Amino acid sequence: MQNSPTIKQLQYFVAIANRASYRRAAEELGVSQPALTTQISALEANLEVTLFERSRAGTLLTPEGGELLQKARTVLLSMQELRQTADMIAQGHQTTYKLGVPPTLGPYLLPNVLPGLHARYHAMKLYVREAPPRLLQRQLSEGLYDLAIMPMPIEANDLTVEPLFVEPLKFVVPADHPLAGKKKVHPVDLRGEKVLTLEEQHHFHHQVHDICRKLGATLQRDYEGTSLDTLRQMVVMGLGVAFLPGLYVHSEMHNPEALKVSELKSMPIRRQHGLVWRASAPGRFFYRELAALLREIIQERLGDVVTVQMT
């Protein structure tokens with residue numbers, strides 16, 4: 001009689017598939033490579049299937065392994081949710097939640113909201129990690145995060161989205177630019193302007209790309225920023241103009257002598273953010289409560305910077 005695969009074996013299987021390497025998976029899991037190999041060999045013998053092909057090019061999933069990978073992820077996610085449900089029953093909200101945020105938002109939003117969350121749920125802990133939105137969405141679906149604050153819209157049947165707020169994008173130019181000093185800039189004035197933005201992995205990049213296309217501006221693909229700070233410094237150095245999120249401007253540009261901030265006349269540029277979680281998550285009712293509290297705190301602390309979407 002065959003034994004059922006163990007949770008440990010499935011964790012090892014998924015880790016190797018994610019990293020395409022026994023060595024990197026062993027490092028991530030904190031186990032020796034021989035121990036990892038032994039567990040996978042036992043899993044393959046039990047399933048009577050070869051899961052991986054090892055060659056000079058690396059570790060590849062076999063077609064059979066590829067078919068079983070999503071099933072393994074589903075089992076691990078179900079076990080994780082079982083554990084979370086048990087924790088919630090036993091401890092209420094005295095647990096740790098893994099929260100994902102984009103790097104263009106987290107540092108400028110969370111310092112304003114985390115103290116208020118802690119005051120309401122003093123036993124709740126948030127383990128915060130930053131990642132680009134596409135990666136956040138995928139890893140949220142796979143169970144690596146419990147919650148994420150992400151740009152909208154989000155189209156995924158397995159995820160629930162609760163709108164939080166709308167953030168303006170500010171137009172910034174160097175101090176010696178012809179448009180410097182104008183609080184409102186006509187959209188037609190951007191025709192032909194060289195616009196800087198972040199690397200393509202960021203959702204923000206694609207939004208700025210669309211703005212440039214509509215206005216006839218030129219997106220500077222040769223000079224893409226790795227962060228909002230580097231983007232800001234490139235504008236200061238005269239490499240081009242840029243759009244910066246309102247929360248970043250509010251947080252980091254208190255005395256912008258080298259840059260001038262304005263908005264587009266009759267054409268406000270905005271981005272929308274929401275709290276996102278798996279539709280099947282055990283804490284989904286609490287997450288809606290959390291979203292409502294986030295809106296309250298954001299309205300109180302940042303209501304002059306963003307527009308909160310009250311429901």
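Placed above this text is the structure.
No experiment lies behind these values; they were computed from the predicted model shown.

(A) Region of interest: the environment of Leu 290. As for its placement among the helices and strands, Leu 290 is situated in helix α10 (residues 284-302). Taking C-alpha positions, Leu 290 is 37 Å from Gly 66, a pair spaced 224 residues apart along the chain. In this view, Leu 290 contacts Leu 117, Tyr 121, Met 124 and Leu 147; residues no more than four positions away in its chain are not counted.

(B) Seen up close, the pattern of salt bridges. Across all of its chains, the model carries 13 salt bridges by this definition. Here Glu 27 makes a salt bridge to Arg 23, at a shortest N to O gap of 3.3 Å. Of this pair, Glu 27 and Arg 23 both sit in helix α2 (residues 22-29), 4 residues apart, which is roughly one turn of the helix. A salt bridge links Arg 288 to Glu 162; the shortest N-O distance between them is 2.7 Å. One end of the pair, Arg 288, is in helix α10; the other, Glu 162, is in strand β6 (residues 159-174), and 126 residues separate them in sequence. Overall, Arg 288 belongs to the partly exposed group, its relative accessible area being 42%. When salt bridges with common partners are traced through the structure, they connect Arg 73, Arg 138 and Glu 142 into a single cluster.

(C) Quick look at unusual backbone geometry. A cis geometry characterises the amide bond from Met 152 onward to Pro 153, with omega recorded as 5 degrees. The topology assignment puts Pro 153 in the loop between β5 (147-151) and β6. Backbone geometry at Ala 20 places phi at a positive 55 degrees, although glycine is not the residue there. Relative to the elements of secondary structure, Ala 20 occurs in the loop between α1 (7-19) and α2. Backbone geometry at Glu 48 places phi at a positive 60 degrees, although glycine is not the residue there. The topology assignment puts Glu 48 in the loop between α3 (33-47) and β1 (52-55).

Parameters at a glance
Residues numbered from 1 in each chain as written. Predicted model: local features only at pLDDT ≥ 70, side-chain atom pairs only at ≥ 80, totals over all residues. Heavy atoms only, no water. Helix = DSSP H or I, 4+ residues; strand = E, 2+ residues; numbered from the N terminus. Contact = heavy atoms within 4.5 Å. Salt bridge = Lys/Arg side-chain N within 4 Å of Asp/Glu carboxyl O. Buried < 20%, exposed > 50% of the residue type's maximum accessible area, 1.4 Å probe, protein only.

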